[in-house]
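# Overview (structure and organization)
Residues per chain, in single letters:
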Amino acid sequence: MTETTYTEDNIRSLDWREHIRLRPGMYIGKLGDGSSADDGIYILLKEIIDNSVDEFVMGSGKTIEIALNERYMSVRDYGRGIPLGKVVEVVSKMNTGGKYDTRAFKKSVGLNGVGAKAVNALSSQFKVFSFREGKVKTALFEQGLLVEESEEEKQHRNGTLIEFTPDAAIFKNYRFRDEYVERMLKNYVFLNPGLTIAV
């Protein structure tokens, strides 16, 4: 048996997005193509909806609006909105978020500071809008890399809008199936009396 070389050159350090893209199963389970309810594309959606539900649980925003087709998804809530100076970090810096502070989130579905980052890294395009204090902060990413960001004065109801397209290079021949999405949304509404999810 031939001995393979193993030197310092074989040691690699990955940044947050490289690690998620190289080992997506650690973050979202199996990849799949959307033909099974536990395929990764539905976990991506769940991670984003969980954040909106957390806003509802904290008493901010009773309605979540969802738009989807076979390849694209958007989730708009009317919660507090991400603090404008931290929008980019919240969706692209591991172990960063408001849920570590029990004053901001007394209860939360997700506490590991990974969810939105995984969605961002595994999407060909990911766009976040935070509406807060009469302004909107926008950040556009491609495969987890920041492409552009902007902030402008604009009057909207407070909250967050996230739009994403799972990366077809990772999720081969995928499509969102309505029956699995509908089942997920019904469960959210059942478990959270008073919450409205509009599709």
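Everything here concerns the structure above.
Bear in mind that the values here come from a model prediction, so they are computed numbers and not experimental data.

## What to know about the overall build of the protein chain
In terms of helices and strands, the protein chain carries six helices and seven strands. Start at the N end of the protein chain and walk to the C end: the helices and strands fall as α-α-α-β-β-α-α-β-β-β-β-α-β. Along the first, second and third principal axes, the C-alpha set of the protein chain runs to 65 × 40 × 30 Å. Out of the 199 residues belonging to the protein chain, those deemed buried represent 43%. Surface accessibility of the protein chain: about 11000 Å² in total, with carbon and sulfur atoms responsible for 49%. For the protein chain, the distance from the average site of its 28 positive side-chain charges to the average site of its 29 negative ones is 5 Å.

## Comments concerning the packing of helix α3 (residues 40-57) against helix α6 (residues 178-191)
Axis separation between α3 and α6 bottoms out at 12 Å; the angle between their running directions is 25°. The pairing of α3 with α6 is recorded here as roughly parallel in orientation. You can see that α3 and α6 cross each other, and the crossing is right-handed. Residues Tyr 42, Leu 45, Lys 46, Ile 49, Asp 50 and Val 53 of α3 pack against Tyr 180, Val 181, Met 184, Leu 185 and Tyr 188 of α6. Split into classes, the residues belonging to the contact of α3 with α6 amount to nine nonpolar, no polar and two charged.

## Some thoughts on the environment of Met 73
With respect to the helices, strands and loops of the structure, Met 73 is situated in strand β2 (residues 73-77). In this structure Met 73 comes out as buried when scored by relative accessible area, which is 0%. Separated by 28 residues in the primary sequence, Met 73 and Leu 45 place their C-alpha atoms 7.6 Å from one another. Beyond its immediate stretch of four places on either side in the chain, Met 73 contacts Leu 45, Ile 66, Ala 67, Leu 68, Ile 162, Glu 163, Phe 164 and Phe 176.

## A few points about the packing of aromatic side chains
Think of a pair of aromatic rings as described by two things: how far the centres are apart, and how the planes are tilted against each other in angle. Going through the model one piece at a time under the given rule, you end up with six aromatic pairs. Seen from their ring centres, Phe 171 and Tyr 174 are 6.3 Å apart, and the 75° between their planes marks the pair as edge-to-face. Using a relative accessible area of 0% as the deciding quantity, one classes Phe 171 as buried. Assessed through its relative accessible area of 2%, Tyr 174 is described here as buried. Linked through ring pairs, Tyr 42, Phe 171, Tyr 174, Phe 176 and Tyr 180 together constitute an aromatic cluster.

## Examining α6
With 14 residues, α6 extends 20 Å between its outermost C-alpha atoms, agreeing within 8% with the 20 Å of an ideal straight helix rising 1.5 Å per residue. For α6, the full list of buried residues reads Tyr 180, Val 181, Met 184, Leu 185 and Tyr 188. In an axial view of α6, the angular spread of the buried residues amounts to 130°, which keeps them on one side of the axis. α6 presents Lys 186 and Phe 190 as exposed residues on the side facing more than 90 degrees away from its buried surface. As for α6, its buried residues are in contact with α3, β1 (63-68) and β7 (196-198).

## Examining the pairing of strand β4 (residues 135-142)
For β4, the tally of buried residues reaches six of eight residues, placing the bulk of the element in the interior. Bridge count for strand β3 (residues 123-132) against β4 is seven bridges, and the pairing is antiparallel. When the bridges of β4 are listed, Phe 129 appears paired with Thr 138. Two elements, β4 and strand β5 (residues 145-153), share eight bridges in a ladder whose sense is antiparallel. Paired with Leu 140 across the strands is Glu 148, a residue of β5.

Cut-offs used in this document
Residues numbered from 1 in each chain as written. Predicted model: local features only at pLDDT ≥ 70, side-chain atom pairs only at ≥ 80, totals over all residues. Heavy atoms only, no water. Helix = DSSP H or I, 4+ residues; strand = E, 2+ residues; numbered from the N terminus. Buried < 20%, exposed > 50% of the residue type's maximum accessible area, 1.4 Å probe, protein only. Areas by Shrake-Rupley, 256 points an atom, 1.4 Å probe, with all protein chains shown as cover. Lys, Arg positive; Asp, Glu negative; His and termini not counted. Charge placed at Lys NZ, Arg CZ, Asp CG, Glu CD. Axes fitted to C-alpha atoms, helices over the stretch in contact; angles between N-to-C directions. Parallel < 35°, antiparallel > 145°, perpendicular 65-115°, else oblique. Left-handed = near helix turned anticlockwise from the far one by under 90°. Contact = heavy atoms within 4.5 Å. Nonpolar A, V, L, I, M, F, W, Y, C, P; charged D, E, K, R; others polar. Phe/Tyr/Trp six-rings, centres within 6.5 Å; stacked < 30°, edge-to-face > 60°. Expected span 1.5 Å × (residues − 1). Arc of directions from axis to C-beta. Pairing = 2+ DSSP bridges.

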